[in-house]
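# Report on the structure
Each chain, written out:
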Amino acid sequence: MELRNKIIIKSLIGFIIGIFVGLFFWFMNSGDYSGTAFVIHLIMSGILGLIAMGGSVVYDIESWGLLKATATHYILVMMDYVIVATALGWVSSIIEMMIFLAGMTIIYAMIWLFESYLWKRTIRKMNEQLKEMQER
């Protein structure tokens, strides 16, 4: 499947998932499902899902390394979150935003370290198997 189609499909799936996540949090915090604020909340939650899931195709670009793909995805998601969270009043201060961004930065770094370790281990095993095949 070509990259453009992957972006479209993943973005649509992400939008739908984002709406359901937004719906869940709306009912956990508000319970009122009427009015413009509710609709805006769902649309913005959908946009967060759309960007996060649609943006994940950066990992499918074969010429990009894991660090470049992770950094690009991080920037896409964090820019989107800052805009949406500010517009909807999800954070009440710069300190809250900085704490969230610091936490997400740590999470992205941990994911990158874990994935990097897994890929290095896989490559090492493949090289060992290749060496065994050449020795036969």
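The sections below set out a description of the structure shown in this document. From a predicted model like this one, the values you see are computed outputs, not experimental measurements.

Turning to the environment of Ile106, a few remarks are in order. Structurally, Ile106 is set in helix α4 (residues 94–135). Residue classification places Ile106 among the exposed residues on the basis of a relative accessible area of 51%.

The next subject is the packing of helix α3 (residues 66–88) against α4. Relative orientation of the contacting elements α3 and α4 amounts to 160°, with a least axis distance of 11 Å. Here α4 runs roughly antiparallel to α3, going by the angle between their axes. Helix-helix and strand crossings are classified by hand; for α3 and α4 the assignment is right-handed. Residues Leu66, Leu67, Thr70, His73, Tyr74, Val77, Met78, Tyr81, Val82, Ala85 and Thr86 of α3 touch α4, and the partners they reach there are Met97, Phe100, Leu101, Met104, Thr105, Tyr108, Trp112, Glu115, Ser116 and Trp119.

In terms of nonpolar packing, the biggest core is built from 12 residues, these being Met44, Leu48, Val77, Met78, Tyr81, Val84, Ala85, Val91, Met97, Leu101, Met104 and Tyr108. Listing elements by their share of this core, those giving two or more residues are α2 (36–54), α3 and α4. The element that contributes the greatest number of residues to this core is α3, accounting for five residues.

Our next topic: α2. Given a rise of 1.5 Å per residue, 19 residues ought to cover 27 Å, and the 26 Å separating the end C-alpha atoms of α2 matches this to within 8%. Three or more residues of α2 are buried, namely Phe38, His41, Leu42, Met44, Ser45, Gly46, Leu48, Gly49 and Gly54.

This part is about the packing of aromatic side chains. Within this structure, the stated rule accounts for six aromatic pairs. Plain terms: the ring middles of Phe24 and Phe25 are 5.3 Å apart, the flat faces sit at 75° to each other, and that makes the pair edge-to-face. With centroids separated by 6.3 Å and ring planes inclined at 50°, the aromatic side chains of Phe27 and Phe38 adopt a geometry described as tilted. Residue Phe27 is found in helix α1 (residues 3–29), and its partner Phe38 is found in helix α2; the two are separated by 11 residues along the sequence. By the ring-pair criterion, three or more aromatic residues cluster together here, those being Trp26, Phe27 and Phe38.

As a further point, take the environment of Ser56. Secondary-structure assignment places Ser56 in the loop between α2 and α3. It is 31 Å that separates the C-alpha atoms of Ser56 and Ser30, two residues lying 26 residues apart in sequence. Residues contacting Ser56, with those up to four places away along its chain left out, are Lys10 and His73.

Turning to a nonpolar patch on the surface, a few remarks are in order. Where nonpolar side chains cluster on the molecular surface, the patch consists of Met1, Ile9, Ile13, Ile17, Val21, Phe24, Phe25, Met28 and Met53 and spans about 880 Å² of accessible area. When residues of the nonpolar patch are assigned to their parent elements, the largest contribution, seven residues, is made by α1. The topology assignment puts Phe25 in helix α1.

Parameters at a glance
- Residues numbered from 1 in each chain as written.
- Predicted model: local features only at pLDDT ≥ 70, side-chain atom pairs only at ≥ 80, totals over all residues.
- Heavy atoms only, no water.
- Helix = DSSP H or I, 4+ residues; strand = E, 2+ residues; numbered from the N terminus.
- Buried < 20%, exposed > 50% of the residue type's maximum accessible area, 1.4 Å probe, protein only.
- Axes fitted to C-alpha atoms, helices over the stretch in contact; angles between N-to-C directions.
- Parallel < 35°, antiparallel > 145°, perpendicular 65-115°, else oblique.
- Left-handed = near helix turned anticlockwise from the far one by under 90°.
- Contact = heavy atoms within 4.5 Å.
- Core = buried A, V, L, I, M, F, W, Y, C linked by side-chain atoms within 4.5 Å.
- Expected span 1.5 Å × (residues − 1).
- Phe/Tyr/Trp six-rings, centres within 6.5 Å; stacked < 30°, edge-to-face > 60°.
- Patch = residues over 30% accessible without salt bridge, like charges linked within 9 Å, V, L, I, M, F, W, Y side chains within 5 Å.
- Areas by Shrake-Rupley, 256 points an atom, 1.4 Å probe, with all protein chains shown as cover.
- Salt bridge = Lys/Arg side-chain N within 4 Å of Asp/Glu carboxyl O.

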